[in-house]
Amino acid sequence: MSGMLEGNVALITGAASGIGRATALTLARDGSAIVVADLNESGGSATVDAITAAGGWAIFVQADVTRDAERMVEAAVQTFGHLDILVNNAGIFYTADLLDVPFDEWVRAVDVMYFGTFRCSQAAARQMVRQGTGGRIVNISSVNGFLGMPQSSHYNSAKGAIDQLTRCLAVELAPHGILVNGIAPGFVETPMAIVNGVNEHETPEFQEFYVRRRRIPLARPALPEEIAEAVAFLVSPRCTYITGHTLVVDGGLSI
Ligand code: NAI
């Protein structure tokens, strides 16, 4: 494939599903080789198959962002020779009341999303600094990171911390030509929206409040591809003077 990202290698965590998968396909469309990193082997292999079927380059690495950051980066370098882009996307969501949520569940949310973003960013940035050719990091957070929301204090806190990490990484890595930004999606149509077998976006309550009453001004959840296009811009040569910013992609939900 040829395009704006030709010659780049991108590592995308959580790329077996949803936003990560859409981002992998979009960056591959733009010419980047892709390292699909995820716990989920069948989903990850399906993402790789879709990329290669479209004429792109990709490998799957079965990996956990809480343990395997260095191994993901090594896989990129061993297979493709370098690493230019990291998208920290892996995430988990579940609802739990503040009064009930066990401490271990809180720790798990922070471990996967916040520490996972730190670990992968550190491993990738070390490689990018060694290469001396700059790079891009995009952290997927959420509007929940800056809005107060019920039943998700663990998730929201982890996402808010990611936005602060984005700013700090941007400052420290700027001298190396590495731009670090974030994306804060609102509601997105992915398997994450399915809770106990029910797509939350299809419930009468969601449809009434967010769609009919236009609490989301654009009156629908995003498609994962709409988040992926924002990532594609932030990692592209068109984006040269934005760093430390978290771009809200929420159809106006948080206005
Ligand atoms: P998803 O559930 O479709 O995909 C998440 C992927 O992350 C899965 O493939 C899963 O296997 C992987 N994953 C989970 N824990 C992992 C770990 N420890 N190591 C490696 N991979 C792991 O979810 P979706 O919606 O695509 O979410 C992607 C990101 O977008 C997440 O960070 C999520 O918090 C964020 N987000 C999603 C929104 C939505 O409405 N779907 C809204 C705002 C943010």
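Scoring rules and cut-offs
- Residues numbered from 1 in each chain as written.
- Predicted model: local features only at pLDDT ≥ 70, side-chain atom pairs only at ≥ 80, totals over all residues.
- Heavy atoms only, no water.
- Pairing = 2+ DSSP bridges.
- Helix = DSSP H or I, 4+ residues; strand = E, 2+ residues; numbered from the N terminus.
- Axes fitted to C-alpha atoms, helices over the stretch in contact; angles between N-to-C directions.
- Contact = heavy atoms within 4.5 Å.
- Phe/Tyr/Trp six-rings, centres within 6.5 Å; stacked < 30°, edge-to-face > 60°.
- Buried < 20%, exposed > 50% of the residue type's maximum accessible area, 1.4 Å probe, protein only.
- Near = heavy atom within 4 Å.
- Polar contact = N/O pair within 3.5 Å; in protein donor to acceptor, adjacent residues only side chain to side chain.
- Areas by Shrake-Rupley, 256 points an atom, 1.4 Å probe, with all protein chains shown as cover.
- Core = buried A, V, L, I, M, F, W, Y, C linked by side-chain atoms within 4.5 Å.
- Domains from an automatic or database assignment.

Things to note about the sheet that holds strand β9 (residues 246-249)
Strand order in the open sheet formed by seven strands is β3-β2-β1-β4-β5-β6-β9, with parallel pairing between adjacent strands. At either end of the open sheet lies a strand with only one pairing partner, and these are β3 (58-62) and β9. Averaged over all pairs of adjacent strands, the angle between their axes in this sheet comes to 15°, without regard to strand direction. Relative to β3, strand β2 (residues 33-38) runs parallel, the two sharing five bridges. Following the sheet pairing, V35 is matched in β3 by I59. Here helix α3 (residues 69-80) sits on the sheet and contacts β1 (9-13), β2 and β3; the angle it forms with β3, its principal contact strand, is near 150°.

Quick look at the packing of aromatic side chains
One pass over the structure, following the stated rule, counts six aromatic pairs. When the ring of F187 is compared with that of Y210, the centres are 4.7 Å apart and the planes differ by 65°; the resulting orientation is edge-to-face. Of the two residues, F187 sits in the loop between β6 (178-185) and β7 (194-195) while Y210 sits in helix α6 (residues 204-212), which places them 23 residues apart along the sequence. For F187, a relative accessible area of 24% translates into the label partly exposed. Note on Y210: relative accessible area 18%, which makes it buried. When the centroid spacing of 5.0 Å and the interplanar angle of 75° are considered together, the rings of F209 and Y210 count as edge-to-face. Assessed through its relative accessible area of 35%, F209 is described here as partly exposed. One aromatic cluster is present, formed by F187, F206, F209 and Y210 through successive ring pairs.

Looking at the site of the ligand
Taken together, 27 residues lie around the ligand, and S17, D38, N89, Y155 and T190 are the ones closest in. Within the backbone of I19, one N or O atom sits 2.8 Å away from an oxygen atom of the ligand. Bound to the protein, the ligand loses 91% of the 830 Å² it would expose on its own.

Comments concerning the side chain of T117
As for its placement among the helices and strands, T117 is situated in helix α4 (residues 103-131). With residues up to four places along the chain from it excluded, the contact list for T117 reads N88, V112, N139, I162 and L165.

Side note on the nonpolar core
Counting 35 residues, the largest nonpolar core has L11 and L83 as the members making the most contacts within it. Secondary structure elements with two or more residues in this core: β1, β2, β3, α3, α4, α5 (153-173) and β6. Here this core takes nine residues from α4, the largest share from any one element. If we skip the residues at most four places from it in the chain, L11 touches V35, A37, M72, V73, L83, I85, L86 and V87. A24, V138, I227 and V235 belong to the second largest nonpolar core, which has 28 residues in total.

Remarks on unusual backbone geometry
One non-glycine residue, Q151, lies in the positive phi region at around 60°. For A219, which is not glycine, the phi dihedral falls at a positive 60°. On the secondary structure map, A219 appears in the loop between α6 and α7 (224-234). Residue A219 is classed as buried on the basis of its relative accessible area of 17%.

Things to note about the domain arrangement of the protein
Annotation of the protein at the domain level lists domain 1 (9-186 + 223-249) and domain 2 (194-221). The C-alpha centroid of domain 2 is placed 26 Å from the C-alpha centroid of domain 1.

Topic: the environment of A22
Note that A22 resides in helix α1 (residues 18-29). Residues A22 and A33, spaced 11 residues apart in sequence, show a C-alpha to C-alpha distance of 14 Å. With near-sequence residues (within four places) excluded, A22 lies in contact with P224, E225 and A228.

A word on the side chain of S141
Considering the arrangement of structural elements, one finds S141 in the loop between β5 (135-140) and α5. Contact partners of S141, with chain neighbours within four places excluded, come to K159, I162, D163, I183, A184, P185 and T246.

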